[in-house]
Every structure is written in C-alpha cells, then in structure tokens.
Amino acid sequence: MIAQAYCGHQFGYFTMLGDGRAMLLGEQITPDNKRFDIQLKGSGRTIYSRGGDGKAVLGPMLREYIISEAMYGLKIPTTRSLAVTLTGEEVFREVLQPGAVLTRVASSHIRVGTFQFAVANGEREDIKALADYTISRHFNELDNIVDEKEKYKLFLRRVVELQAELISSWQLVGFIHGVMNTDNMSICGETIDYGPCAFMDTYKKDTVFSSIDRDGRYSYKNQPSIGQWNLSRFAETLVPILDDDTDKSLEIAISEVVKYQKIYDTFWRKGMSKKLGIFDEEKDDIFIFYDLLSLIEKYKADYTNTFIDLNFEDFEDNELFNSSDFLKWKERWKNRVNKQSKSADEIKSLMKNNNPAIIPRNHKVEEAIEMAVSKGDISFTKRLVDLLSNPFEHTQEQKKFSKEHNKFDENYKTYCGT
Ligand code: AMP
Ligand code: MG
C-alpha cells in the first residue's frame, strides 16, 4: 500500500500535499487490457496527513459513491466507486459519525499536482520520467514519437483537449465540481475528488455550493476558465522538457494552452446542439443557445427539466414557459430544428440521448444519506444509484425523481475533507 505525494494550488495558493487519507492498494489489469488503480479513501493516517485523522465518514463517502456513479451513467469520464465499507468506528466531525472507507477505482491518480511535485522536488530527469510514464500509461499513441520535443508538446495538447472536453461536459449537465485545485485535476481527464461537488437545479451561473468557496472561485460559470488556469500550471511543469531553450518552451506551452478556449467552445456547442435536437451546427445557432440560457436564468427555471420538457414538448406550468419571450424563442428554435432533413423521431431521439432524465439532485442525495446514516438503511441509495445508472432511459420512475426542490438548493452547502 502506498500514499502518493503531490502538490497543488489550493484556491490559487501553492501547497505541499499528498494522500492524507488515501492508500493505493495496487493496480488491476482488466481482461480488455485496461489498467486501473484501486485506492482506499478514509483508511487512516499517512505520512501526508498533517493535522488530519486520515479517516472518512459514511455520509460523504456515500455522496462520492452516488455522484461518481451518476457521472459514469452520464458518460462523463470519472473515477468510479466500488464500495463503501463501514469501519465500525465512530469518527468525530462536529458530531460523532459512522466511519467508512470508500474503494475508488481510477484510470490513475496522476494529477497536475503530481507534476508540480516533480518540479518542486526533482530535476529535469524526474519530470521527464514522470511524463514518459504518464504517456505510456494514458497516451501510448505518442510513445513511439522519436522527436521528444514533439512528443511532450503533443502530450500537453492531449491533456488540454481532455480537460476542455471534460469541463464542457460538466457544464452541459450542470455539474459543479466545487474544489478545482490542481491536485484535484487528473491528467487522464477523469473527474476526480467528489468532495463539495453538487448538481445545480435552478440555473444560476454564479452558483457555488462549497462552504469554503466564499469568493466563488469554483462557481459554475468559472469552471471553464479555472480549467485553463490549472492547465497553465500544468504546462509550466513541462517547460524544462518542451525545449532546451526556456523562452521557446514557454512559447510552446502558451501556444498549446491558448487552444483550450476554442476546443472547449467546440465541444460545448456540439453538446448543446444535441441537447436541442440540432444535428449539424450552424454559425448562428449559438444565439439560440445563449438566448435560451438567459431565459432559463431570468425565470429561475430548472436547468435539467427545461431540456426534458423541450424534448417531450410537455411544458410545465411555470414562469419560463408561460412567458412571451420564451414563446418567441421556441418558435425560432422550432424553425431551426424543422429546417433539417430529419424526422421528428430522429430529432427527439437525439435529444433523448443527450438530455438526462435524472441527475443526482441535492435533496435526493441528502435523503439517501440521511436514511443510511440515521437508520442504517441503504435501500434508497441503491434505488437512486440504479435510476442514475441509465439516465437516458427516460422511465416514469426517473421522472418522479426529477422534481426540483428549489428551496432546498437555496441554502445548500457542501464540504471538503469531510
Ligand atoms: P481534498 O480537498 O479532498 O482534495 O483534500 C485536500 C488534502 O487534504 C489532501 O491531501 C487530502 O488527502 C487531505 N485530507 C482531507 N481530509 C483529510 C483527513 N481527514 N485526514 C487527513 N488528510 C485529509
Ligand atoms: Mg483531493
């Protein structure tokens, strides 16, 4: 068992960290030759625990289980949860809570912070060794490139692409990570570290749930730009190997990181097109997207359910759908969609496959946790996870779980390191 060392920019400030309550058990190679890390989270103190107890409690571990499995169902790259195990111990977190350990499965735990650790503590050769290892593990299509400078440039490019894609898919489903520190950004492009994360019900761009994020650094609207900020920190770590000349290296690093915005926009627009039944995006469609989002925000509508209602043309009696600006927008959208040489069924099914019927709503997640923690009953958690495992099925039961609960989210707070 090993605890991994890493550094990280936490809320913008550089810190030495490491697995303070996680232990890597080892790697498993699946029959289709994929390699996974298996890690315990909450298994006790390590040399990186600092003042912490190294433990975890049932509620937050179940939260990680439910939300990471929901992300997997949504087809968003993520670490997964194999099990939550009660330790039988009581752990103090303001009050005594049942101790628990999460077994996490990840393509790897190599983070931006792992590269920052190599730079802070190692030589050029160490950075190169880490980059080579990561390339072999995650980007082996680059392994055979003889020109090393080219290889590392393309490595950086792939990491930028994967993050742009990942964060655009978060935005499309209304997921807020909550603690996008560089130690919580995985190089292979998986969502990692489900601490203060939550899904947004009512669409409000500056939504923040995390109790410690007072300035909204990791708010919903800031996630795309923070993604690029973190990638800049990653690119910096590669400066010693991108070229022998530092100025040239910096030039390469900058030229790759600036590509992020365009890649992000392209993914996001493609995703939004599908959500609205548009097969081949046209230049002006962006106005249809932005205008809809402004209306959803103006009328404080539910993000996920608005798209479901558009999909099934079954409009709830709410302020958004009753407004004249929405009716105008709907006509524009209908004209655009019907212009395509596609049948109504084809359009509907594109939308169905891209608009989840269910997300892990905060009040449902809390209900599941409450039942497990106070009554030792995990039946609701199991049912929720089951419904979340195929969110594009659109069953009647999923519909029942999709009711928003606006008042609940208004003052909802999430926590780190719980
Ligand atoms: P996180 O916010 O989960 O990314 O955690 C930030 C850092 O704090 C990581 O190095 C964690 O391993 C560490 N940490 C979080 N909770 C605990 C705990 N209960 N005991 C020891 N270390 C912890
Ligand atoms: Mg972390």
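Look up a bit, the structure's there.
Because the structure is a prediction, the values reported are computed rather than measured.

Caption draft 1: Geometry of the overall build of the protein chain. The helix and strand tally for the protein chain stands at 16 helices and eight strands. Scaling as 2.2 N^0.38, a compact globule of 418 residues should have a C-alpha radius of gyration of about 22 Å, and the protein chain matches this with 22 Å. In terms of its C-alpha atoms, the protein chain occupies a principal-axis envelope of roughly 65 × 55 × 45 Å. Long-range pairs, those at least 24 residues apart, make up 66% of the contacts in the protein chain between residues at least 6 apart in sequence. Summed over its atoms, the accessible surface of the protein chain is roughly 19100 Å², and 51% of this surface lies on carbon and sulfur atoms.

Caption draft 2: Up close: the site of ligand 1. In the neighbourhood of ligand 1, 18 residues make up the surrounding shell, with Gly-18, Gly-20, Asp-53, Gly-54 and Asp-193 lying closest. Measuring from an oxygen atom of ligand 1, one finds a side-chain N or O atom of Tyr-6 at 3.5 Å. One of the backbone nitrogen or oxygen atoms of Gly-20 is found 2.7 Å away from an oxygen atom of ligand 1. Residues that form the shell around ligand 1 fall into these classes: two nonpolar, eight polar and eight charged.

Caption draft 3: View of the pattern of salt bridges. One pass over the structure, following the stated rule, counts 39 salt bridges. Measuring nitrogen to oxygen at the nearest pair gives 3.9 Å for the salt bridge that ties Asp-193 to Lys-41. Residue Asp-193 is found in the loop between strand E7 (175–176) and strand E8 (198–199), and its partner Lys-41 is found in strand E4 (residues 35–41); the two are separated by 152 residues along the sequence. Each member of the pair Asp-193 and Lys-41 is classed as buried. Put simply, Arg-361 and Asp-201 hold a salt bridge, and the shortest N to O gap is 3.2 Å. With Arg-361 in the loop between helix H12 (344–352) and helix H13 (362–375) and Asp-201 in the loop between E8 and helix H5 (223–242), this residue pair connects regions lying 160 residues apart in the sequence. What makes Asp-201 buried here is its relative accessible area of 1%. When salt bridges with common partners are traced through the structure, they connect Glu-27, Arg-35, Asp-37 and Arg-137 into a single cluster.

Caption draft 4: Layout of the coordination of the magnesium ion (ligand 2). The protein atoms that coordinate the magnesium ion (ligand 2) are Asn-184 (OD1) and Asp-193 (OD), at distances of 1.8 to 2.2 Å. Neither residue differs from the other here; Asn-184 and Asp-193 are each classed as buried.

Caption draft 5: Quick look at helix H6 (residues 246–257). If you check H6, its first and last C-alpha atoms are 16 Å apart, about what 12 residues at 1.5 Å a residue would give, namely 16 Å. When H6 is considered as a whole, its buried residues turn out to be Ser-249, Ile-252, Ala-253, Glu-256 and Val-257. One face of H6 carries all of its buried residues, which in axial projection span an arc of 125°. Structural note: H6 exposes Asp-247, Glu-251 and Ile-254 on the side pointing more than 90 degrees away from its buried face.

Parameters and conventions
Residues numbered from 1 in each chain as written. Chains lettered and ligands numbered in written order. Predicted model: local features only at pLDDT ≥ 70, side-chain atom pairs only at ≥ 80, totals over all residues. Heavy atoms only, no water. Helix = DSSP H or I, 4+ residues; strand = E, 2+ residues; numbered from the N terminus. Rg over C-alpha atoms; globule rule 2.2 N^0.38 Å. Contact = heavy atoms within 4.5 Å. Areas by Shrake-Rupley, 256 points an atom, 1.4 Å probe, with all protein chains shown as cover. Near = heavy atom within 4 Å. Polar contact = N/O pair within 3.5 Å; in protein donor to acceptor, adjacent residues only side chain to side chain. Nonpolar A, V, L, I, M, F, W, Y, C, P; charged D, E, K, R; others polar. Salt bridge = Lys/Arg side-chain N within 4 Å of Asp/Glu carboxyl O. Buried < 20%, exposed > 50% of the residue type's maximum accessible area, 1.4 Å probe, protein only. Donors = N, O, S within 2.8 Å, 3.2 Å for Na, K, Ca; no water. Expected span 1.5 Å × (residues − 1). Arc of directions from axis to C-beta.

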